[in-house]
Amino acid sequence: MVLSRTELDGLLAFPLTAFAEDLSLNVDAFAEHVEARVAAGAGAVFVACGTGEFSSLSPDEHAVLLRTAREVVAGRVPVWTGAGGGAAAARLGVAAAEEGGADGVLLLPPYLVSGPPGGLVDHVRYAIGGTSVPVIVYHRLPGVFTAAAARALLDIPSVVGLKDGFGDVDLMTRIVTTIRSAGTLRAEDFLFFNGLPTAEVSAQAYAAIGVARYSSAVHCFAPEIAHRFHRALADGDTAVMRALLEGFYLPFVALRDETPGFAVSLVKAAARLRGDKVGPVRPPLGEPSPAQLDRLAEIVDAGFAVLRSMT
């Protein structure tokens, strides 16, 4: 079976998973958060993935989040979801996503262990099993593919793309070139994504090698800024991108890099600052300190000031 072309255009949103103060799921708040992402112009939503704290969720919670997102979105945009972990868990996750009606699956790397290049391809094949749901493979530690192994993904019909969270532009250039050079329609339609934290910082470099699609965590709390940068990238407007990078993204990344796990924690804190009831993060992630929250508020305010200066 060969899948029809998968379209994932526009700014891709990765909603946060809302928790109550006791760290139980807050389904109503999650529904509101997803609706806000769609209303803000997301081209697709990827629920219960990295920004959605995939690793902290039980299978039952994951199913609730997927069902809720599908009900909220009601077919307006595609709803993708995460799967991953060890081979058996990944296989169950992909099957559950298909059963739950997901439009596709982001397959996260194997848990704790890696293997030879062929073993990573076999892991993807095993996780997919007999399902037909479209799958994007998340290329990041410990599941880092060689160019040849990435090309072998073309032999797995359900795999429609690769999302890079490893950050080696040289390797990603070789992967993109090797797949595109396969000379088939499937190779030409294969999707590539920049999945690095705060992807806007590396977006220009990735677009230059043919990886223009990216996921935006900033869309979780400042969709106006995220969409302005996305439009500037598409238009090649370097002045707008430079202003947003200097005035918002680089200070945000500097704060993010102070503490492990802040790629999620800081995004969730920023969403709360803007009135979103997404609640705390689950451990082992940690919350920003009061001083860091003050700096975060100043950075977000500065970002909106830059945005206003452009209108």
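Preceding this paragraph is the structure being described.
Residues numbered from 1 in each chain as written. Predicted model: local features only at pLDDT ≥ 70, side-chain atom pairs only at ≥ 80, totals over all residues. Heavy atoms only, no water.

Colleague: In this structure, what is going on with the overall build of the protein chain? I would like to understand it.
Modeller: Counting its secondary structure elements, the protein chain contains 12 helices and 8 strands. By the compact-globule yardstick of 19 Å for 311 residues, the protein chain fits well, its C-alpha radius of gyration being 19 Å. Principal axes of the C-alpha set define a box for the protein chain whose edges measure 50 × 45 × 35 Å. Counting all 311 residues of the protein chain, 52% fall into the buried class. Pairs at least 24 apart in sequence give 72% of the contacts found in the protein chain among residues at least 6 apart. Accessible surface computed for the protein chain: about 12900 Å², of which carbon and sulfur atoms make up 56%. Considering the protein chain, the positive charge centre built from 25 side chains and the negative charge centre built from 33 side chains are found 3 Å apart. (Helix = DSSP H or I, 4+ residues; strand = E, 2+ residues; numbered from the N terminus. Rg over C-alpha atoms; globule rule 2.2 N^0.38 Å. Buried < 20%, exposed > 50% of the residue type's maximum accessible area, 1.4 Å probe, protein only. Contact = heavy atoms within 4.5 Å. Areas by Shrake-Rupley, 256 points an atom, 1.4 Å probe, with all protein chains shown as cover. Lys, Arg positive; Asp, Glu negative; His and termini not counted. Charge placed at Lys NZ, Arg CZ, Asp CG, Glu CD.)

Colleague: Which parts of the structure should I look at to understand the packing of aromatic side chains?
Modeller: The geometry of an aromatic ring pair is captured by the separation of the ring centres together with the interplanar angle, meaning the angle of the planes. One pass over the structure, following the stated rule, counts 8 aromatic pairs. Their ring planes at 65 degrees and their centres at 5.3 Å tell us that F229 and Y249 sit as a pair that is edge-to-face. Of this pair, F229 sits in helix α9 (residues 223–235) while Y249 sits in helix α10 (residues 238–256), placing them 20 residues apart in sequence. Of the two residues examined, F229 and Y249, each falls in the buried class. Stacked on the ring of Y126, the Lys or Arg R91 has its end atom at 4.4 Å from the ring centre. Here the basic side chain of R140 rests over the ring of Y138, its NZ or CZ set 5.1 Å away from the ring centre. (Phe/Tyr/Trp six-rings, centres within 6.5 Å; stacked < 30°, edge-to-face > 60°. Lys NZ or Arg CZ within 6 Å of the ring centre and 35° of its normal.)

Colleague: I keep staring at helix α4 (residues 117–128) and nothing clicks. Help me out?
Modeller: The periodicity of an α-helix, 3.6 residues per turn, causes residues three or four places apart in sequence to face the same way. For α4, which comprises 12 residues, the first-to-last C-alpha distance of 17 Å matches the rise-based estimate of 16 Å (1.5 Å per residue) to within 8%. Listed in full, the buried residues belonging to α4 are L120, V121, H123, V124, A127 and I128. Along the long axis of α4, the arc covered by the buried residues comes to 150 degrees, so they all point the same way. Looking at the buried residues of α4, the elements they touch are α3 (87–99), β4 (104–107), β5 (135–139), α5 (147–152) and β6 (159–164). Downstream of α4 by a residue or two, G129 has a phi angle that is positive, lying close to 55 degrees. (Expected span 1.5 Å × (residues − 1). Arc of directions from axis to C-beta.)

Colleague: Quick question: what am I supposed to make of the sheet that holds β4 here?
Modeller: Hydrogen bonds along the backbone pair up the strands of a sheet, which may run parallel or antiparallel. Spatially, β1-β2-β3-β4-β5-β6-β7-β8 is the arrangement adopted by the 8 strands of the closed barrel, whose pairing is parallel. Where β5 meets β6, 5 bridges bridge the pair, whose relative direction is parallel. Counted as the bridge partner of V137 is L162 from β6. Here helix α6 (residues 169–180) sits on the sheet in contact with β5, β6 and β7 (191–194), set at roughly 170 degrees to β7. (Pairing = 2+ DSSP bridges. Axes fitted to C-alpha atoms, helices over the stretch in contact; angles between N-to-C directions.)

Colleague: Got a minute to help me understand unusual backbone geometry in this structure?
Modeller: Of all residues except glycine, most have a negative phi; of all peptide bonds, most are trans. Of note, the bond from L141 into P142 is cis; its omega dihedral lies within 30 degrees of zero at 0 degrees. With respect to the helices and strands, P142 occurs in the loop between β5 and α5. The residue after P283, namely P284, is reached through a cis peptide bond having omega 15 degrees. The residue P284 is located in the loop between α11 (262–273) and α12 (290–309) in this model. The residue A48 is not glycine, and still its phi comes out positive at about 55 degrees. Inspection of the secondary structure assignment puts A48 in the loop between β2 (44–47) and α2 (59–73).

Colleague: What's the story with α11 in this structure? I'm lost.
Modeller: Compared with the 16 Å implied by 1.5 Å per residue over 12 residues, the 15 Å span of α11 between its first and last C-alpha is a close match. Across the 12 residues that make up α11, a large majority, 9, are buried. Taken as a whole, α11 has its buried residues at F262, V264, S265, L266, V267, K268, A269, A270 and A271. Contact partners of the buried residues in α11: α10 and α12. Backbone geometry just downstream of α11 places G275 in the positive-phi region, at approximately 95 degrees.

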